[in-house]
Amino acid sequence: MHIVVCAKQVPDTAEVRVDPETNTLIREGVPSIMNPYDAHAVEEAMRLKDKYGGKVTVISMGPPQAEEVLRQAISFGVDDAILLSDRAFGGSDTLATSYILTNGIKKLDEQEKVDLIICGKQAIDGDTAQVGPGIAVRLNIPQLTYVMEIVELNLEEKTIKVARKLEGQKEIVQAPLPALLTVVKDINELRYASLPNKIRAARFKAMVWNKDDFPGIDPEQIGLKGSPTAVRKIFPPPERGEGEIIPGGMENPEQATATLVEKLVKQEIIADK
Amino acid sequence: MAVEISKKKCIGCGLCVQTCPFDALTLENGVAQVDPDKCTNCGACVEVCPTEALALDEPQKKMSKEEKEQVKGMTETAREMSEELTKYKGVWVFIEQLEGEVAPVSWELLGAGRKLTDKLDTYLAGILLGDGVEHIAREVFNYGADKVYLVESPVLQHYRTQPYAEAIVNLSKKYMPEIILMGATTMGRDLSSAVATKLGTGLTADCTELDIEEESSYLLQSRPAFGGNIMATIVCRHRRPQMATVRPRVMDMPVYQEGRQGEIIREELGLSEEDVAVKVIDFIKEKGKAVYLDKAEIIVAGGRGLGSKENFKMLEELANILGGTIGASRAAVEAGWIGAEHQVGQTGITVRPKVYFAIGISGAIQHLVGMQTSDVIVAVNNDPEAPIFNVATFGIQGDLFKVVPAMIKEFRKQLG
Ligand SMILES: Cc1cc2nc3c(=O)[nH]c(=O)nc-3n(C[C@H](O)[C@H](O)[C@H](O)COP(=O)(O)OP(=O)(O)OC[C@H]3O[C@@H](n4cnc5c(N)ncnc54)[C@H](O)[C@@H]3O)c2cc1C
């Protein structure tokens, strides 16, 4: 069995701050990490490998420094990792990105048939959740999104049964392989890198595929040209109108609270039932 | 030695950018910009500009025959492209239903869609897919749609990506809408991604504001980016339909007009069960997880300031008196004081109650994005600098352990 995991390097959005003077993002010093959902995708692939054997390949599109996330994947024990990197890929939106990754996966498939593709449910920098389904559509295979559990993998019949996390309930669905899954964090707990894998990761140099490695790639579908969406404007989040601070909260909390409650009831914000 | 751009005349349509054979033009802040090192003064952009915003600053340099041909080809494609775009008309809203029950975000989107159609002077339609769902069409009209595109089939009984996506792709190819909107729900996000990829068009996820740019008629799709730290407006210039998913409970509900009439356009799915590889086996309701925060009209939410699990009881008492539901910040959830199903915010639930009480919550951006469209926000915090006060309608700067018991007492008194 050959499992491919798509992983992305992202800025740690928890560390991103906005310069209040200029309203621009302060990116300096913001660490780059493996997209947290993708880490769970790698983990799930490794669990399947532990159980059923086979091979796990991680693929990432990004600038040369994105090799770091591949190294991290190696430290989790994956067999191989490929970086798709080319200036011509820069500026790709989700449509172009799914096209490029699909080309990469097809190339892997030629080398060794791919049975399962696992992605994180979304990347925390863009939060779009569009790339995984985009790949599934392009490969014309089933997409199973928001997977919280792999219920059954049947290698004889080549089917997979999963639980999808929906609002307030879970859905059990079955699909033939090859299929593409996107996973939520609930699916597993991440493992720690073992020492031998850490050593392997430290020495690891990822294979880099660029545009020229894909003779059939359509230049109209990659990079800025292949991206229908464009950012028109960046602006600070909207502010709400001036609020009213009820005075005396520190000195006389009972009085301040009484004033507040009276306002809420009088203005029928809280209705008297 | 480069083309000159009149910032006044430029409407940022991007045709020149698309046309330039030398990649010398870009759009910055919605206005064309030229890179003089790349510009060869070929004039291709001047040809396509619809507002004559571009002019050559010196006589055209001699072009080779090849270059001329190339420029001519580019110009033609650009023209065809802009003509092609004007063929797309109408704003469509995907009506998300589960066993006949419609997700409220669909109605909110009909409200938002109506504002767009008013600016575009076009029609508003609902896309209704399912098995035996025709009766819902009436509701769709009552919430403001002029048309309903209806596809019914047993294959569509439960949501599955492939048949739903194919149905919408076929409708879209046939009737050519300008805009398709869906809720940013699990279903909407799953479906919209597949549809957009099949149609080869742009899709913006999780929008919180929609508008139409007057000069270009582009859909302006605004959404929080980088964990809510900043907002970005996205446009899809050259492909149609323009597609967006929109967060639930951000747009206002439209006025319900009983007895409004509309046109139903029925289409066949053209798929049978054998054509669909994915099978739905079962649905399992999550036990005890149904807090329905998203439907609550009053939410009493607590944060790290509460200090312990014990102290959440105080909030429960207050919530009981008000008929409210308990919410929480992630800090409170991570401390183990309350279940994750109560978490409000970026990685929790987006809520829009009539009243939101934020008790001992600082108001981190990730929390604010989940509750700042609440009608009224009441904040209790002892730190006058807490960002929650920036979004509060009413605030008390004080110790919650004094204020909350006083609230309980006062509300009891006032509400009997
Ligand atoms: C990727 C990411 C996603 C996230 N998603 C979410 C999310 O979905 N939801 C969410 O809530 N957070 C989220 N967070 C976390 C968020 O950044 C904050 O850490 C969190 O919201 C803080 O919770 P808090 O306000 O309860 O705690 P704190 O920030 O510690 O605030 C506690 C407040 O209580 C006040 N206080 C203390 N004692 C008293 C008292 N006696 N009386 C009155 N006031 C008192 C303090 O002044 C302080 O303002 C996310 C973070 C990241 C990085």
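Calculation rules
Residues numbered from 1 in each chain as written. Chains lettered and ligands numbered in written order. Predicted model: local features only at pLDDT ≥ 70, side-chain atom pairs only at ≥ 80, totals over all residues. Heavy atoms only, no water. Helix = DSSP H or I, 4+ residues; strand = E, 2+ residues; numbered from the N terminus. Contact = heavy atoms within 4.5 Å. Areas by Shrake-Rupley, 256 points an atom, 1.4 Å probe, with all protein chains shown as cover. Lys, Arg positive; Asp, Glu negative; His and termini not counted. Charge placed at Lys NZ, Arg CZ, Asp CG, Glu CD. Near = heavy atom within 4 Å. Polar contact = N/O pair within 3.5 Å; in protein donor to acceptor, adjacent residues only side chain to side chain. Buried area = accessible area lost by both parts, 1.4 Å probe. Salt bridge = Lys/Arg side-chain N within 4 Å of Asp/Glu carboxyl O. Pairing = 2+ DSSP bridges. Axes fitted to C-alpha atoms, helices over the stretch in contact; angles between N-to-C directions. Domains from an automatic or database assignment. pLDDT = per-residue confidence, 0-100. Core = buried A, V, L, I, M, F, W, Y, C linked by side-chain atoms within 4.5 Å. Buried < 20%, exposed > 50% of the residue type's maximum accessible area, 1.4 Å probe, protein only. Expected span 1.5 Å × (residues − 1). Phe/Tyr/Trp six-rings, centres within 6.5 Å; stacked < 30°, edge-to-face > 60°. Right-handed = clockwise from strand over helix to strand, strands pointing away.

What about the overall build of chain A?
Phase 1 of the analysis: Helix and strand counts for chain A stand at 6 helices and 15 strands.
Phase 2 of the analysis: Counting contacts in chain A only where the partners sit at least 6 residues apart, residues at least 24 apart contribute 69% of the total.
Phase 3 of the analysis: Accessible area of chain A: about 12,900 Å², with a carbon and sulfur share of 49%.
Phase 4 of the analysis: Of the side-chain charges in chain A, 33 are positive and 41 negative, and the distance between the mean point of each set is 4 Å.

Notes on the site of the ligand
Phase 1 of the analysis: Around the ligand, a shell composed of 26 residues is seen, among which B:R304, B:S329, B:T347, B:S362 and B:N381 lie nearest.
Phase 2 of the analysis: Neighbouring residues of the ligand are distributed over chains A and B.
Phase 3 of the analysis: A distance of 2.8 Å separates an oxygen atom of the ligand from a polar atom in the side chain of B:Q366.
Phase 4 of the analysis: Separating a nitrogen atom of the ligand from a backbone N or O atom of B:L400 is a distance of 2.9 Å.

A look at the interface of chain A and chain B
Phase 1 of the analysis: Counting from both sides, the interface comprises 76 residues of chain A and, opposite them, 85 residues of chain B.
Phase 2 of the analysis: Buried surface at the junction of chain A and chain B, summed over both partners, amounts to about 7,000 Å²; 60% is from carbon and sulfur atoms.
Phase 3 of the analysis: Three residues stand out in chain A for area buried against chain B, namely A:Q169, A:R232 and A:R240, and they jointly supply 13% of the buried area on that side.
Phase 4 of the analysis: Inspection of the region where chain A meets chain B yields 1 salt bridge.

Focus on the sheet that holds strand 13 (residues 219-225) of chain B
Phase 1 of the analysis: As summarised here, the arrangement of the 4 strands in space is 14(A)-14(B)-13(B)-12(B), forming an open sheet in which the pairing is antiparallel. Each edge of the open sheet carries a strand with a single partner, namely strand 14 (229-235) of chain A together with strand 12 (209-212) of chain B. Strand-to-strand, the axes of this sheet are offset by a mean angle of 30°, without reference to chain direction.
Phase 2 of the analysis: Pairing analysis gives 5 bridges linking strand 13 of chain B to strand 14 (residues 230-236) of chain B, with the strands arranged antiparallel. Looking across to strand 14 of chain B, one finds that B:A225 is bridged to B:I230.
Phase 3 of the analysis: Where helix 4 (residues 104-120) of chain B meets the sheet, its contacts fall on strand 12 and strand 13 of chain B, and the angle it forms with strand 12 of chain B comes to roughly 15°.

Let's talk about the domain arrangement of chain A
Phase 1 of the analysis: Partitioning chain A into structural domains gives domain 1 (2-221) and domain 2 (240-273).
Phase 2 of the analysis: The gap between the C-alpha centroids of domain 1 of chain A and domain 2 of chain A is 50 Å.

Let's talk about the environment of B:A137
Residues and elements named next belong to chain B.
Phase 1 of the analysis: Examined against the element boundaries, A137 turns out to sit in helix 5 (residues 136-142).
Phase 2 of the analysis: Sequence separation between A137 and A332 is 195 residues, and the spatial gap between their C-alpha atoms is 43 Å.
Phase 3 of the analysis: Discounting residues that sit within four places of it in the chain, A137 has contacts with L128, V148 and I264.

Considerations on the confidence of the model for chain B
Phase 1 of the analysis: Summary statistics for chain B give a mean pLDDT of 90 and a share of 97% for residues scoring 70 or more.
Phase 2 of the analysis: Taken together, the chains of this predicted complex give a pTM of 0.82 and an interface ipTM of 0.90.

Concerning the nonpolar core
Phase 1 of the analysis: A:V5, A:V58, A:I118, A:L144 and A:I160 are the most contacted members of the largest nonpolar core, which has 40 residues in total.
Phase 2 of the analysis: In terms of residue count, helix 1 (residues 36-52) of chain A provides more of this core than any other element does, 6 residues in total.
Phase 3 of the analysis: When residues no more than four places from it in sequence are discounted, the contact partners of A:V5 are A:D38, A:A41, A:V42, A:A45, A:V56, A:T57, A:V58, A:I59 and A:I118.
Phase 4 of the analysis: Grouped together as the second largest cluster of nonpolar side chains are 38 residues, B:F312, B:M314, B:A332 and B:I408 included.

Some points on helix 12 (residues 400-415) of chain B
Phase 1 of the analysis: With 16 residues, helix 12 of chain B ought to run about 22 Å at 1.5 Å a step, and its terminal C-alpha atoms sit 21 Å apart, in line with that.
Phase 2 of the analysis: Among the residues making up helix 12 of chain B, those that are buried are B:L400, B:V403, B:V404, B:A406, B:M407, B:I408, B:E410, B:F411 and B:L415.
Phase 3 of the analysis: Residues of helix 12 of chain B that are buried sit in contact with helix 6 (253-266) of chain A together with helix 8 (309-322), strand 20 (355-359), strand 21 (376-381) and strand 22 (394-397) of chain B.
Phase 4 of the analysis: The opening residue of helix 12 of chain B is B:D399, an N-cap whose side-chain oxygen sits 3.0 Å from the backbone nitrogen of B:F401.
Phase 5 of the analysis: Just beyond helix 12 of chain B, the residue with positive phi is B:G416, at close to 70°.

Regarding the domain arrangement of chain B
Phase 1 of the analysis: Segmentation of chain B into domains returns domain 1 (4-85), domain 2 (91-275) and domain 3 (289-415).
Phase 2 of the analysis: Taking the mean C-alpha position of each, domain 1 of chain B and domain 3 of chain B sit 54 Å from one another.

Side note on the side chain of A:K170
Phase 1 of the analysis: Relative to the elements of secondary structure, A:K170 occurs in strand 11 (residues 169-176).
Phase 2 of the analysis: For A:K170, which is buried and forms no salt bridge, the nearest opposite charge comes from A:E149, at a distance of 4.0 Å.

A short note on the pairing of strand 13 of chain B
Residue and element names in this part refer to chain B.
Phase 1 of the analysis: Buried residues dominate strand 13, accounting for 7 of its 7 residues.
Phase 2 of the analysis: Alignment of strand 12 against strand 13, held across 4 bridges, turns out to be antiparallel. Directly across from L210, in strand 13, lies its bridge partner Q221.
Phase 3 of the analysis: Between strand 12 and strand 13, which follow one another and run antiparallel, lie 6 residues, and S217 among them has a positive phi close to 65°.

Looking at the pattern of salt bridges
Phase 1 of the analysis: Summed over the entire model, instances satisfying the criterion amount to 32 salt bridges over all chains.
Phase 2 of the analysis: The shortest N-O distance in the salt bridge between B:D146 and B:R260 comes to 3.4 Å. Residue B:D146 is located in the loop between helix 5 and strand 9 (147-152), and its partner B:R260 is located in the loop between strand 15 (242-246) and strand 16 (263-267); the two are separated by 114 residues in the primary sequence.
Phase 3 of the analysis: You can call B:D146 partly exposed: its relative accessible area is 25%.
Phase 4 of the analysis: What you see here is one network of salt bridges that share partners, running through A:E43, A:R47, A:D50 and A:R191.

Points about the sheet that holds strand 1 (residues 2-6) of chain A
Phase 1 of the analysis: Here 10 strands make up an open sheet; going across it, the order is 13(A)-7(A)-6(A)-1(A)-8(A)-12(A)-9(A)-10(A)-11(A)-17(B) and the pairing mixed. Unpaired on one side and paired on the other, strand 13 (207-209) of chain A together with strand 17 (279-285) of chain B mark the two borders of the sheet. For this sheet, the mean angle separating the axes of adjacent strands, direction not counted, is 30°.
Phase 2 of the analysis: Of the pairings in the sheet, the one linking strand 6 (residues 55-61) of chain A to strand 7 (residues 80-84) of chain A comprises 5 bridges and is parallel in character. When the bridges of strand 7 of chain A are listed, A:M61 appears paired with A:L84.
Phase 3 of the analysis: In the packing of helix 2 (residues 67-75) of chain A onto the sheet, the strands contacted are strand 6 and strand 7 of chain A, and the crossing angle to strand 7 of chain A comes to about 170°.
Phase 4 of the analysis: Contacting strand 1, strand 6, strand 7, strand 8 (116-120) and strand 13 of chain A, helix 3 (residues 94-111) of chain A crosses the sheet at an angle of about 150° to strand 6 of chain A.

Structural notes on the packing of aromatic side chains
Two aromatic rings are characterised by how far apart their centres lie and by the angle between their planes.
Residue and element names in this part refer to chain B.
Phase 1 of the analysis: The full count for this structure, using the stated rule, is 8 aromatic pairs over all chains.
Phase 2 of the analysis: For the ring pair W92 and Y149, a centre distance of 4.4 Å and an interplane angle of 35° mean the geometry is tilted. One end of the pair, W92, is in strand 5 (residues 91-95); the other, Y149, is in strand 9, and 57 residues separate them in sequence.
Phase 3 of the analysis: The exposure class assigned to Y149 is buried, which follows from its relative accessible area of 1%.

Describing the pairing of strand 6 of chain A
Residues and elements named next belong to chain A.
Phase 1 of the analysis: Among the 7 residues of strand 6, 6 are classified as buried, and the element is accordingly described as predominantly covered.
Phase 2 of the analysis: Judged from the 5 bridges that link them, strand 1 and strand 6 form a sheet pairing that is parallel. Looking across to strand 6, one finds that I3 is bridged to V56.
Phase 3 of the analysis: The β-α-β motif built from strand 6, the intervening helix 2 and the parallel element strand 7 has right-handed crossover chirality.

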